[in-house]
Amino acid sequence: MEEIIARLFNPGDLVVNLGFGMVLEVFYFWLMSRILPPRSTKVYWAAVVVSIGLLMFFKPVRSPILGPLAAAVIPFMLPIIFLQGTLLARVVVSVSSTLALFVGEIAGVSVWYAITGLGMVDNSVVLSHVPEYMFSVVCVYMVILGLLMSGIRYLVHRFVPCGLDDGEDVTLQGRWHAAYVLFVIVQFTVIVEVSCFAFVEEAWSPTSLLVSGCLLSAFVLLDAILFRLIGQSVAGVREEARAEALEASIAAYLHEAEDMQGLLDDTARLRHDIRNHRAVVELMCERGEYAQAEAYLKGLE
């Protein structure tokens with residue numbers, strides 16, 4: 001027990017995990033909140049700080065298998081639970097952000113390995129290589145992640161129905177969205193397993209970096225294709241909705257035109273009757289039959 005407490009409160013681990021690590025994680029979740037707004041900002045950030053803070057605090061003593069799995073699953077589920085938008089949009093943002101996160105980490109670790117020659121970013125050596133760590137793991141990671149998340153934000157708002165606009169009501173048809181959810185599960189599982197293996201077993205060796213990079217590149221390409229398919233499906237549904245709305249407007253216009261034509265016909269008949277009555281009254285007045293004309297007019301009341 002004393003050993004566990006000593007590891008938890010090791011100054012180096014506290015500085016790296018709760019210092020640098022929390023900054024990187026907060027930056028990551030801030031970027032996600034820029035893509036889809038939180039349901040409640042206070043609840044979102046409270047959940048992020050508490051969950052990520054606990055993960056970072058217990059990182060020195062967590063299981064080598066369950067620990068990385070929890071570190072991957074919790075950030076994956078938080079945006080799905082606490083962000084606004086359709087379920088599809090939240091799933092797309094979560095899996096795309098997870099991919100961007102791994103790409104940023106691999107880029108940072110690659111630069112770290114190139115500068116220091118060290119494989120694994122271990123807390124015991126970070127404090128003795130702070131400038132290298134700040135440049136490679138922090139700066140490179142944040143720049144790459146920021147660029148990727150900006151692209152994800154554009155793609156999501158361009159191709160995915162987010163449900164954030166008041167007038168947006170897009171019901172997607174077909175089985176592709178169910179297939180995409182299954183693909184997300186498979187994709188996420190493979191990424192977690194490969195990353196855990198590369199981090200725990202291979203200590204981010206060059207071979208593991210290459211394999212992980214190729215795998216992530218393949219997933220990014222597939223996600224780009226899926227974004228395109230989603231955009232086409234959404235565009236088709238929106239065009240059908242516009243066509244239906246246009247047909248409804250035309251039908252309403254035709255109905256109003258028919259009603260207006262009926263009123264015009266009634267007005268024409270009324271004017272014709274008035275002219276006839278006027279002619280009759282004028283004829284009676286010309287004959288001097290004023291009493292009969294008055295009686296005729298009273299009969300029209």
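Bear in mind that the values here come from a model prediction, so they are computed numbers and not experimental data.

Counting residues in hydrophobic clusters, the biggest one holds 37 residues, and the most contacted among them are Tyr 28, Phe 29, Tyr 133, Leu 145, Met 149 and Val 156. For this core, the secondary-structure elements that each account for two or more residues are helix H2 (11-35), helix H3 (41-57), helix H4 (66-82), helix H5 (87-116) and helix H7 (130-159). Broken down by element, the residue count for this core peaks at 9 residues, all from H2. Each residue touching Phe 29, except ones within four places of it in the same chain, is listed here: Tyr 44, Trp 45, Val 48, Ile 52, Pro 75, Leu 78 and Pro 79. Judged by nonpolar contacts, the second largest core, of 5 residues, contains Leu 99, Ile 106, Leu 216 and Phe 219.

For Ser 33, the location among the structural elements is in helix H2. Within the structure, the side chain of Ser 33 is placed 2.6 Å from the backbone oxygen of Trp 30, a separation counted as a polar contact. For Ser 33, the residues in contact, after removing those within four places along its chain, are Pro 38, Tyr 44 and Trp 45.

The residue Glu 25 is located in helix H2 in this model. Classification of Glu 25 as buried rests on a relative accessible area of 12%. With sequence-adjacent residues up to four places away left out, Glu 25 is seen in contact with Ile 52 and Met 56.

This part is about the packing of aromatic side chains. Here the structure, examined in full by the defined rule, presents 5 aromatic pairs. Centre to centre, the rings of Tyr 28 and Phe 29 are 5.2 Å apart; their planes meet at 75°, and the pair counts as edge-to-face. Side by side, Tyr 28 and Phe 29 carry an identical accessibility label, which is buried. Geometrically, the ring pair formed by Tyr 44 and Trp 45 is edge-to-face, given 5.2 Å between the ring centres and 75° between the ring planes. A relative accessible area of 0% places Tyr 44 in the buried class. Owing to a relative accessible area of 23%, Trp 45 belongs among the partly exposed residues under this scheme.

The rules behind each value
- Residues numbered from 1 in each chain as written.
- Predicted model: local features only at pLDDT ≥ 70, side-chain atom pairs only at ≥ 80, totals over all residues.
- Heavy atoms only, no water.
- Core = buried A, V, L, I, M, F, W, Y, C linked by side-chain atoms within 4.5 Å.
- Buried < 20%, exposed > 50% of the residue type's maximum accessible area, 1.4 Å probe, protein only.
- Helix = DSSP H or I, 4+ residues; strand = E, 2+ residues; numbered from the N terminus.
- Contact = heavy atoms within 4.5 Å.
- Polar contact = N/O pair within 3.5 Å; in protein donor to acceptor, adjacent residues only side chain to side chain.
- Phe/Tyr/Trp six-rings, centres within 6.5 Å; stacked < 30°, edge-to-face > 60°.

Don't take any of this as a statement about function, it's just geometry.
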